[in-house]
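Residue strings, one per chain:
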Amino acid sequence: MTTGEGSLAPKGRSRSGRGRTGQPGRQDWTSWPHYDGAAAGFRGYWYPVTWSSQITGKPLPYTICGEKITLIRDGGKAYALHNRCPHRGVPLSEGDQQFPGTVSCPYHGWTFDLPTGNLSAVITDGPECRLTGKVQVRTYAVEERLGMVWVYIPLADEEPHPIDEQLPEELVSNGFVMGGRIEPRGGNWRFACENGFDEGHAKYLHRTALWRLFKPMPTWNITRIVPKGRWIFRVQDEVHWDADFPGVGRWTNKRWWKMQPPKETFNIGNTGAADKVNPTIEAQEFPGFASLSMPGVLRIVYPNFIHYEFYVPVDADHHRYVGVMVNFTEGWQTLGFYAKYLGAIRWLFHGQFSGQDAWMVDVTDAPPEKLYRPDVSLTAWRNLSEEEYGKKLAAVGAHTRSEKEA
């Protein structure tokens, strides 16, 4: 449902979050300088790139945070290298393996060691090539979790933090089954992240989603943001299912064919209180059903499953969408989850429902912007990212590109 690259961007302007002048409302994101400078993503984090099953002995190209990398598997282990041969700039992803533990450029046979990136041989210069051991390409740390290959994009030359420190805590310590979708999408990663945590859009944008066909959605809420650990949570204090708008009329998401909405306020799931909550989910004591953490990880908690979205920066106008649905069950009960996921959830939730988000992210054009009350979720996220990234920069003594240019 996304449109072609740049098809909806105003002439002469990238849709990366940089503002225009001469218009009313907020002109830029200078209140959040780190966030403003992160059009290509926050460095110093692990990012999921693709499913582990996709990485084989044939190198494949990817771009993460503006970094062009190639992924390849050798001896069961995945490796990531900068996707450029230093000889003439040919992508190493166009090459192949001529020797175990290496990748060779297709142009002249420059061959690089996968663990170190060191030039191991130059096939067309013979065994005595004087450049051997003196040239290298950059390598990146790689881990595999949740059935995916993750790559660490460094700020400087720091060692990566353990990947389990960045994953949602409940996924590290509990058994589960999951299904998901990874796909390239248009639009800046920040628009995708803000859309995911945005409090207002689901009630209106998704009112036509088949996933919500029989489920009621509120018309408006009173929401506050609650921090807990490294996450911020949206907590609902009031839920209103319809409203009279002066001079306009009455509006509601209720329909005769939908379930009747609950009378009480709820904070697990976004369509009503549940009679029973999965014990693993209940044990987490989540303050609210929607939460967000750096570098852009969304968690939406339902009574019997949790949906996660990872917004992976590619460049200023593109990102990779990684959406996974997790059910905390094991054994023969996993068969029921797979049947439901492959038979309906994948195309209803990760397809049509998520496709509505992809549509909005691709056409978003901000700043300038004029925020409203429910956008406290957006400003809280920007504040969190500003604070956390500032700490990370200080820890490695690094500076953002915008700070260097100042």
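Residues numbered from 1 in each chain as written. Predicted model: local features only at pLDDT ≥ 70, side-chain atom pairs only at ≥ 80, totals over all residues. Heavy atoms only, no water.

As annotated in an unreviewed UniProt entry, the protein is Rieske 2Fe-2S domain-containing protein from Streptomyces sporangiiformans.

A few words now on unusual backbone geometry. With omega at -15°, the peptide bond leading from Ala 366 into Pro 367 counts as cis. Inspection of the secondary structure puts Pro 367 in the loop between helix 6 (334-363) and helix 7 (376-396). The amide bond that connects Pro 367 to the next residue, Pro 368, takes the cis arrangement and shows omega of 5°. Its location among the elements puts Pro 368 in the loop between helix 6 and helix 7. Positive phi values are uncommon outside glycine, yet Cys 65 reaches one of about 55°. (Helix = DSSP H or I, 4+ residues; strand = E, 2+ residues; numbered from the N terminus.)

So, about the sheet that holds strand 11 (residues 177-186). Across the sheet, 7 strands lie side by side as 11-19-18-17-16-13-12; this open sheet has antiparallel pairing. Pairing within the sheet leaves two strands with one partner each, and these edge strands are strand 11 and strand 12 (220-228). Put simply, the sheet's adjacent strands are angled 20° from each other on average, direction ignored. Bridge count for strand 18 (residues 306-315) against strand 19 (residues 318-327) is 9 bridges, and the pairing is antiparallel. Each residue of the ladder has a partner; that of Val 312, found in strand 19, is Arg 320. Lying over the sheet, helix 3 (residues 189-197) contacts strand 12, strand 13 (231-240), strand 16 (290-293), strand 17 (297-301), strand 18 and strand 19, oriented at roughly 160° with respect to strand 18. Contacts from helix 6 reach strand 11, strand 18 and strand 19, with the element oriented near 25° to strand 11. (Pairing = 2+ DSSP bridges. Axes fitted to C-alpha atoms, helices over the stretch in contact; angles between N-to-C directions. Contact = heavy atoms within 4.5 Å.)

A large share of strand 10 (residues 148-153) lies buried, amounting to 6 of its 6 residues. Sheet topology places strand 1 (residues 45-51) next to strand 10; 6 bridges connect them, and they run antiparallel. Residue pairing for strand 10: Tyr 45 is matched across the bridge by Ile 153. What sits between the antiparallel neighbours strand 9 (residues 142-145) and strand 10 is a turn of 2 residues, in which Leu 146 has the positive phi angle 55°. (Buried < 20%, exposed > 50% of the residue type's maximum accessible area, 1.4 Å probe, protein only.)

Should their charged atoms come close, side chains of opposite charge can pair. In the structure shown here, the tally under the stated rule is 17 salt bridges. A salt bridge links Glu 183 to Arg 185; the shortest N-O distance between them is 2.8 Å. Here Glu 183 falls in the partly exposed class, since its relative accessible area comes to 22%. Classification of Arg 185 by relative accessible area gives buried; the value is 5%. Lys 203 serves as the salt-bridge partner of Glu 199, at 2.6 Å between the closest nitrogen and oxygen. In this structure Glu 199 comes out as buried when scored by relative accessible area, which is 4%. Judged by its relative accessible area of 7%, Lys 203 is buried. The network of salt bridges with shared partners includes Glu 169, Glu 170, Arg 230 and Arg 299. (Salt bridge = Lys/Arg side-chain N within 4 Å of Asp/Glu carboxyl O.)

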